[in-house]
Amino acid sequence: MAVTLAQIAALAGVSRGTVDRALNGRGRIDPKVAARIRRIAGELGYQPNRAGKLLARAKNPMKIGVIIQSVKTAFMSMVLRETEQAMAHFASDGAEVLLRTTDTIDASLQLAQIDELVEAGISGLAITPAEDTRIQARLDKLAGRIPVVTFNTDLPEGAKRLCYVGQDNYAVGRACAGLMGLALHGQGEVLVVAGSAKNWSHQQRVEGFCDEARAEFPGLRLLPPQTCEDDQKQAHDIVCGAVREHPGLAGVYVSVNGQAGACDAIRELGLRGRLHLVCHDLTPVNAQNVRDGLIDFLIDQDAHEQGVRPVELLLDYLLVGERPPAGRLLTRIDIRNRYNV
């Protein structure tokens, strides 16, 4: 009887998808785990028919659709770059990645892109969905035919996707409130710079921040959130306006793209070290602003994991029948400051 991936997985204590990646040199995997899997496979006499599978798929490659929104923002451009860099590797597995992007959050354009990819014959879809009832309805309907993985931002509870890859954005917002409370010793006025009502992750961060601040740091006086729509200049102007109206402003939480704009405002106003800033994403510009003392804390969310893992999950599901281990595969809440940036 032929040795199966499931048998190897059971002996190695890993999933079938991990075994598939280790034996076929695909995706990110711990080298020690990969070596153990290959050793077990060798001891069992496993003989993969990899060449035949690749030949069959080379003639008719499996198509995976990927839709990434807001690629003009610094972090999402990093996610896009990770996906693009992995496309050649996925192609070696007989998977053709059909990539579509939007510069901003545009639900109507996303709907057209979904339809275009379905018409192209995709077998699975990875998407950063806009917050729009039409998007959820379209993806729920599509999930009855092909698997859908969301990443970076999720759909509301009850959506019919295979899984989500990204941060728990409500928990991240809570963590940022805790960091702000520490920076301000629990006292002072705080401005919240919010993102787009079309992005559920943006909403979740702000809700988490405000809920935690009110519950655990009653001395923090939250100003009404203001929306910058992922725009650096708008974030700059919002911070400058808030300082004019509230000269004693002690902290700013930028929940979205807009970090550099807020830093520019702090620099121009001469408030470095006095106006404390908590924000997101370990981009080169943000890292330098941490070193320069303009950002107190930032939270990274792992661009590589979000750019590559969704396609890996779809291939595991479609090729070896491996379902994700959970409905939400959460990236770490990675806190950075000037000591570890």
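Novice: Would you explain the packing of helix 1 (residues 5-12) against helix 3 (residues 31-44) in this entry?
Specialist: Pairs of packed helices are described in terms of their axes, by the angle between the two and the distance that separates them. Across the interface, helix 1 lies against helix 3 with an axial gap of 10 Å and an inter-helix angle of 125 degrees. In terms of axis orientation, helix 1 runs oblique to helix 3. Crossing geometry of helix 1 relative to helix 3 is assigned as right-handed. Contacts from I8, L11 and A12 of helix 1 reach helix 3 at R36, I37, I40, A41 and L44. Classifying every residue of the contact of helix 1 with helix 3 gives seven nonpolar, no polar and one charged.

Novice: Where do I start with the environment of E312 in this structure?
Specialist: Structurally, the position occupied by E312 is in helix 13 (residues 303-320). Placed 295 residues apart in sequence, E312 and G17 show a C-alpha to C-alpha distance of 8.6 Å.

Novice: Even after reading the chapter, I still don't get the packing of aromatic side chains, so can you show me in this structure?
Specialist: Aromatic ring pairs: the centre-centre distance and the angle between the two ring planes describe each pair. Throughout the structure, instances matching the rule amount to one aromatic pair. Between F209 and Y253 the ring centres are 4.3 Å apart and the planes differ by 10 degrees, which places this aromatic pair in the stacked class. You can see F209 sitting in helix 9 (residues 200-216) and its partner Y253 sitting in strand 9 (residues 251-254), a full 44 residues away along the chain. For the pair F209 and Y253, a shared accessibility class is recorded, and that class is buried.

Novice: Before we go on, may I ask you to explain the environment of R205 in this structure?
Specialist: Looking at where R205 falls in the secondary structure, it is placed in helix 9. Given the relative accessible area of 5%, R205 is considered buried. C-alpha of R205 to C-alpha of R174: the two residues are 31 residues apart in sequence and 7.6 Å apart in space. In contact with R205, other than residues within four places in its own chain, are N169, G173, Y253, S255, V256, H280 and Q301. Only 2.5 Å separates the side chain of R205 from the backbone oxygen of S255, close enough to count as a polar contact.

Novice: What is the right way to look at helix 11 (residues 259-268) in this model?
Specialist: Side chains three or four residues apart in an α-helix point the same way, a direct result of the helix having 3.6 residues per turn. Counting buried residues in helix 11 gives seven out of ten residues, a clear majority hidden from the surface. Among the residues of helix 11, Q259, A260, G261, A262, C263, A265 and I266 are the ones counted as buried. At the C-terminal side of helix 11, G270 shows a positive phi close to 70 degrees.

Novice: What am I meant to see in the state of the cysteines here?
Specialist: Where two cysteines share a covalent bond between their sulfur atoms, that bond is called a disulfide. Taken as a whole and judged by the stated rule, the model has zero disulfides. With no disulfide of its own, C279 lies closest to C263 among cysteine sulfurs, the gap being 6.1 Å. Overall, the relative accessible area of 0% leaves C279 in the buried class.

Novice: Just to check I follow, could you spell out the packing of helix 2 (residues 16-24) against helix 3 for this structure?
Specialist: Where helix 2 meets helix 3, the closest approach of the two axes is 9 Å, and the angle between their N-to-C directions is 85 degrees. By the angle class used here, helix 2 and helix 3 are roughly perpendicular. Judged by residue contacts, T18, V19, A22 and L23 of helix 2 engage V33, A34, I37, R38 and A41 from helix 3. A breakdown of the residues in the contact of helix 2 with helix 3 according to their chemical character gives seven nonpolar, one polar and one charged.

Reading the values: the criteria
- Residues numbered from 1 in each chain as written.
- Predicted model: local features only at pLDDT ≥ 70, side-chain atom pairs only at ≥ 80, totals over all residues.
- Heavy atoms only, no water.
- Axes fitted to C-alpha atoms, helices over the stretch in contact; angles between N-to-C directions.
- Helix = DSSP H or I, 4+ residues; strand = E, 2+ residues; numbered from the N terminus.
- Parallel < 35°, antiparallel > 145°, perpendicular 65-115°, else oblique.
- Left-handed = near helix turned anticlockwise from the far one by under 90°.
- Contact = heavy atoms within 4.5 Å.
- Nonpolar A, V, L, I, M, F, W, Y, C, P; charged D, E, K, R; others polar.
- Phe/Tyr/Trp six-rings, centres within 6.5 Å; stacked < 30°, edge-to-face > 60°.
- Buried < 20%, exposed > 50% of the residue type's maximum accessible area, 1.4 Å probe, protein only.
- Polar contact = N/O pair within 3.5 Å; in protein donor to acceptor, adjacent residues only side chain to side chain.
- Disulfide = S-S within 2.5 Å.

Everything listed here is a matter of coordinates, which is why it stays silent on function.
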